[in-house]
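What follows is the residue order along each chain.
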Amino acid sequence: PKPANAVRLRATLDSVPGYKPGKPAAPRTDVTTYKISSNENPYPPLPSVLEVVRESAGSMNRYPDMGVSGLSARIADELKVEPDEIATGTGSVGVLGQLVAITCDPGDEVVYAWRSFEAYPIVVALAGAASVQVPLTSDARHDLDAMAAAVTDRTRLILVCTPNNPTGPVVHADELERFLAAVPSDVVVVIDEAYLEFVTDPEAPQAIDVWRRHPNVALLRTFSKAYGLAGLRVGYAVAHEPVATALRKAAVPFGVSQLAQDAAIASLDAFGELQQRVDALVGERTRVFDALRAQGWDVPETHANFVWMPLGPDTMAFARACDEAGLVVRPFDGEGARCSIGETEANDRLIEVAGAFRGSRG
Ligand code: PMP
């Protein structure tokens, strides 16, 4: 029974899973710890970006530019789109919430692959909408044919995560084109490209070109990964009218701080330097992937800054072994562990722990 003073909250909250962030590495004196649980960029901020942020911090008694005009114009210029086709938000997860808010009434359906980004079921449930989760293929890829078949007349939004978090593969250009031809043109299809800059697969779509040809497609991008601004919370959608205008209506007023706006512009200015870091991380990804495969792990092809280790019932034991070695990974109990590509030392240690774990299991 409810206590007499219980407040009335929405019943739908009971179905909302809480977001489980990668836990911080516990302080240790015996070993250097590395957090490879949240797909963060392991490099510290660029000096040029820090300088801009310091300067910007002097105005933090003021609200930021609510229209995020400078950053939107800058992104639009890079992508050769109109500034009003850019809609920003508090991290791309913030924009995702806006996307659900502008498309879904209670009871409407959102189709996405599963397993995928764990915020999807949360933002969908918060809107009172229903998640339709379509299992990944046995090689951890989107099953776009099954996703198209899962669309009903209640479907208002489809999320395509490429590369897929937490498994790593990309959807291919030809299958995406087939998919878009198969789904109703009044259903918004979001291509979540959080890890776009790490993609090296020649079969991956040029999503911006796909977007230009499809009025119902929106791209979702972030400054948290390749740009290394996870702590500042800024992401954006590239969307056509009226989606972009609706997204701006649904934004939290002043949700993107001036520090974040200025840092994002400075990061675009410094992308040459950031690209070198991305290249180094991609090189490290290949090294880790090859080493794990050589040890016998069935790691799916990855085009993001992480690898997926399908561990099944051994998942939590592996996460404990990593913990003991000073590595914080992201386990999904019963399924597998996602391990971000981090500092060289962290990657070395992951290879070492994975090898020893495999040896100990025969
Ligand atoms: N999409 C995907 C697929 C992600 O993995 C993440 C971050 N883990 C996000 C969106 C959200 O990132 P942010 O809110 O930091 O932009």
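Every value quoted in this text rests on a predicted model; they were computed, and no experiment measured them. (Residues numbered from 1 in each chain as written. Predicted model: local features only at pLDDT ≥ 70, side-chain atom pairs only at ≥ 80, totals over all residues. Heavy atoms only, no water.)

A. Spatial organisation of the side chain of Arg-285. Mapped onto the secondary structure, Arg-285 falls in helix 10 (residues 271-294). Among buried Asp, Glu, Lys and Arg side chains, Arg-285 stands out as unpaired, with Glu-301 the closest opposite charge at 8.1 Å. Looking at Arg-285, its side chain comes within polar contact range of the main-chain oxygen of Thr-302, at 3.3 Å. Apart from residues lying up to four places away in sequence, Arg-285 is in contact with Phe-198, Thr-200, Thr-302, His-303, Ala-304 and Ile-341. (Helix = DSSP H or I, 4+ residues; strand = E, 2+ residues; numbered from the N terminus. Buried < 20%, exposed > 50% of the residue type's maximum accessible area, 1.4 Å probe, protein only. Lys, Arg positive; Asp, Glu negative; His and termini not counted. Salt bridge = Lys/Arg side-chain N within 4 Å of Asp/Glu carboxyl O. Polar contact = N/O pair within 3.5 Å; in protein donor to acceptor, adjacent residues only side chain to side chain. Contact = heavy atoms within 4.5 Å.)

B. The UniProt feature "modified residue: N6-(pyridoxal phosphate)lysine" (unreviewed entry) in the chain, seen in detail. In this structure's numbering, the residues bearing the UniProt feature "modified residue: N6-(pyridoxal phosphate)lysine" (unreviewed entry) are Lys-225. Along the chain, Lys-225 falls in the loop between strand 7 (217-222) and strand 8 (235-238). If near-sequence neighbours (up to four positions away) are discounted, Lys-225 is found in contact with Ser-38, Asn-39, Asn-41, Ala-194, Tyr-195 and Phe-198. One polar contact links the side chain of Lys-225 to the main-chain carbonyl oxygen of Ser-38, over a distance of 3.3 Å. (UniProt positions renumbered as here; feature names shortened; annotations may be inferred.)

C. Broad picture of the site of the ligand. Near the ligand you find 13 residues, and of these Ser-92, Tyr-195, Thr-222, Ser-224 and Arg-233 are the closest. Measuring from an oxygen atom of the ligand, one finds a backbone N or O atom of Val-93 at 3.0 Å. In the model, a nitrogen atom of the ligand is placed 3.2 Å from a nitrogen or oxygen of the Lys-225 side chain. Here the ligand loses 94% of its free accessible area of 400 Å² to cover by the protein chains. Considering every element that reaches the shell around the ligand, the biggest residue donor is helix 3 (residues 91-103), with three residues. Looking at the shell around the ligand residue by residue, the class counts come to five nonpolar, five polar and three charged. (Near = heavy atom within 4 Å. Areas by Shrake-Rupley, 256 points an atom, 1.4 Å probe, with all protein chains shown as cover. Nonpolar A, V, L, I, M, F, W, Y, C, P; charged D, E, K, R; others polar.)

D. Structural context of the environment of Lys-20. Along the chain, the position of Lys-20 falls in the segment before strand 1 (34-35). Note on Lys-20: relative accessible area 52%, which makes it exposed. Each C-alpha atom of the pair Lys-20 and Thr-245 lies 31 Å from the other, and the pair is 225 residues apart in sequence. Beyond its immediate sequence surroundings of up to four residues, Lys-20 is in contact with Glu-118 and Arg-330.

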